[in-house]
Amino acid sequence: MIKIDVDKNAVLKAVDAVVRKTMDMDLVWYWPCGVAYYGVAEAFKVTGNKEYAKLLKERVDELIEAGLPPWTVNSCAMGHCLITLYEETGDEKYWQLVLSKADYITSKAPRFADGVLQHTVSVKNDFPEQAWADTLFMAAFFLLRLGVIQKDDAMINDALKQYFWHIRYLQDKETGLWYHGYDNIAKDHMSGFFWARANAWAAYTMSQVKVRLPRPYLYPEYMDVDCSLRDQLSGLRKLQTDAGLWRTVLDDPDSYEEISACSGIAAAMLINANPLHGGNAQAAYEGIMKNISDDGRVLNVSGGTAIMNNLDGYRRISREWTQGWGQGLCLAFLCAVLEALSKEAGMEDNG
């Protein structure tokens, strides 16, 4: 267990501000919306604030009425909040959309090599035979959640297979860090940088396997997930800045500190609960809280980032705007803080 010294009321206030700002954004049915609303759904589950569920339901209903896009790996990110809405309301329309997304991922989405999901952002073949770390959040984690709910071992195993192959393709064994992507045609990592948000997608979703999959040790691929996360977090500890944050290119001292990545990485540390990472989580909390405005905007979040051609491309991505993924990952971190506090209180009550 990790102990973290925070003011719970300050965390709840930050959660409320970020949720309300997020729901005030006109996000459409795509991956920024999916990550943002995952964060709102987590905030509802952790705080029990029914208003968050009400706001989420109203907006999702509005988006459904407006018409939905074709499914891609990225648009399947909305499956996360749909699971929560179905669990809260019992409304079958949310469940049918969940099942439709799962059917796309399992039987229609482009794959390559050993059944690895190709990262897709549109109905075009944008990135043929490319694996991106983003896919773990948008599709594999969603598939894992649904497989656990339905007790569907085939779905669970498919999700774990995605983790297994993304680890093989994207993690650098020497440093433990993750590359942004892998090109199976060229057999390389393209520009080959350790982009921070890619590491956040990987770390956060791998941390979720242990807490969401019952008896994970019975699945051989889980051992790869567990060891991959162990080595990744060990490597990330060494690159945390004096401000408690991580740079958008992790090992580049001239890259800016980027808050969506910091949130995902720090949340993974809290969820993984290695006591050696307590100081890192504490420092990250201090740094992240300084990057939340009074009106709930998560600051210093990099814009949407393709696998850039060179280091300067990553350095120059704008961080001037409020982004759905920044809001959602920050909420995921704040919820992990609240859960850590709850576990600590439970230990004290029992001890």
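This text goes with the structure placed above it.
Here is a short report on the structure shown in this document. (Residues numbered from 1 in each chain as written. Predicted model: local features only at pLDDT ≥ 70, side-chain atom pairs only at ≥ 80, totals over all residues. Heavy atoms only, no water.)

**Re helix α11 (residues 278–289)**
Look at α11: 17 Å from first C-alpha to last across 12 residues, which is about the 16 Å you get at 1.5 Å a residue. Taken together, the buried positions of α11 are Gly278, Asn280, Ala281, Gln282, Ala284, Tyr285, Gly287 and Ile288. (Helix = DSSP H or I, 4+ residues; strand = E, 2+ residues; numbered from the N terminus. Expected span 1.5 Å × (residues − 1). Buried < 20%, exposed > 50% of the residue type's maximum accessible area, 1.4 Å probe, protein only.)

**Examining the layout of surface pockets**
Counted as a void, the largest pocket has a volume near 270 Å³. In terms of lining, the largest pocket is formed by 15 residues, of which the most central are Gln208, Val211, Ile271, Glu339 and Lys343. At the level of secondary structure, the elements contributing two or more residues to the lining of the largest pocket comprise α2 (31–47), α8 (196–212), α10 (259–272) and α13 (324–350). Among the elements that take part in the lining of the largest pocket, α13 stands out by supplying 4 residues, more than any other. (1 Å grid on protein atoms, 1.4 Å probe; cavity = no way out; pocket = protein on both sides within 12 Å on 5 of 7 lines; lining within 4 Å. Points joined across faces, edges and corners; volume = space filled by probe spheres on them.)

**Digging into the environment of Ser293**
Looking at where Ser293 falls in the secondary structure, it is placed in the loop between α11 and α12 (311–315). You can call Ser293 buried: its relative accessible area is 14%. On a C-alpha basis, the gap between Ser293 and Ala17 in space is 8.5 Å, while along the polypeptide they are 276 residues apart. Side-chain polar atoms of Ser293 contact the side chain of Asp295, separated by 2.3 Å. (Polar contact = N/O pair within 3.5 Å; in protein donor to acceptor, adjacent residues only side chain to side chain.)

**So, the packing of helix α4 (residues 79–89) against helix α6 (residues 134–150)**
Between α4 and α6, the shortest axis-to-axis distance is 9 Å and the interhelical angle comes to 25°. In terms of their interaxial angle, α4 and α6 are classed as roughly parallel. Where α4 approaches α6, its residues Gly79, His80, Ile83, Thr84 and Glu87 are matched on the opposing element by Phe137, Phe141, Phe142, Arg145, Leu146 and Ile149. Taken together, the residues that form the contact of α4 with α6 break down as 6 nonpolar, 3 polar and 2 charged. (Axes fitted to C-alpha atoms, helices over the stretch in contact; angles between N-to-C directions. Parallel < 35°, antiparallel > 145°, perpendicular 65-115°, else oblique. Contact = heavy atoms within 4.5 Å. Nonpolar A, V, L, I, M, F, W, Y, C, P; charged D, E, K, R; others polar.)

**What to know about empty space enclosed by the protein**
For the structure on display, the rule yields 2 cavities of 30 Å³ or more. One number sums up the size of the largest cavity: a volume of about 40 Å³. Taken together, Met206, Ser207, Lys210, Tyr222, Val225, Asp226, Leu229 and Asn272 make up the lining of the largest cavity. Broken down by element, the lining of the largest cavity gets its largest block of residues, 4 residues, from helix α9 (residues 220–237). In this structure, the second largest cavity is lined by Glu42, Tyr204, Gln208, Ile271, Ala332, Cys335, Ala336 and Glu339.

**Focus: the nonpolar core**
By size, the foremost hydrophobic cluster in this structure holds 126 residues, and its most contacted members are Tyr37, Val60, Tyr163 and Ile288. When sequence neighbours within four positions are dropped, the list of residues in contact with Val60 reads Trp29, Tyr37, Met78, Cys81, Leu82, Leu85 and Tyr94. (Core = buried A, V, L, I, M, F, W, Y, C linked by side-chain atoms within 4.5 Å.)

**Digging into the side chain of Asp252**
Checked against the element boundaries, Asp252 lands in the loop between α9 and α10. A relative accessible area of 7% places Asp252 in the buried class. Of note is the side chain of Asp252, whose polar atom sits 2.8 Å from the side chain of Arg315. Each residue touching Asp252, except ones within four places of it in the same chain, is listed here: Arg247, Leu311 and Arg315.

**Considering the pattern of salt bridges**
Scanning the model with the defined rule gives 18 salt bridges in all. Of the charged contacts in the structure, one is a salt bridge between Glu51 and Arg20, with a shortest N-O distance of 2.9 Å. Of this pair, Glu51 sits in helix α3 (residues 50–66) while Arg20 sits in helix α1 (residues 8–23), placing them 31 residues apart in sequence. Glu51 gets classed as partly exposed once you look at its relative accessible area, which sits at 37%. Between Lys57 and Asp61 there is a salt bridge; the shortest N-O distance is 2.8 Å. Here the residue Lys57 and the residue Asp61 both occupy positions in helix α3, the gap between them amounting to 4 residues, near one helical turn. The class for Lys57 is partly exposed, based on a relative accessible area of 28%. Salt bridges sharing partners connect three or more residues here, namely Asp16, Arg20 and Glu51. (Salt bridge = Lys/Arg side-chain N within 4 Å of Asp/Glu carboxyl O.)

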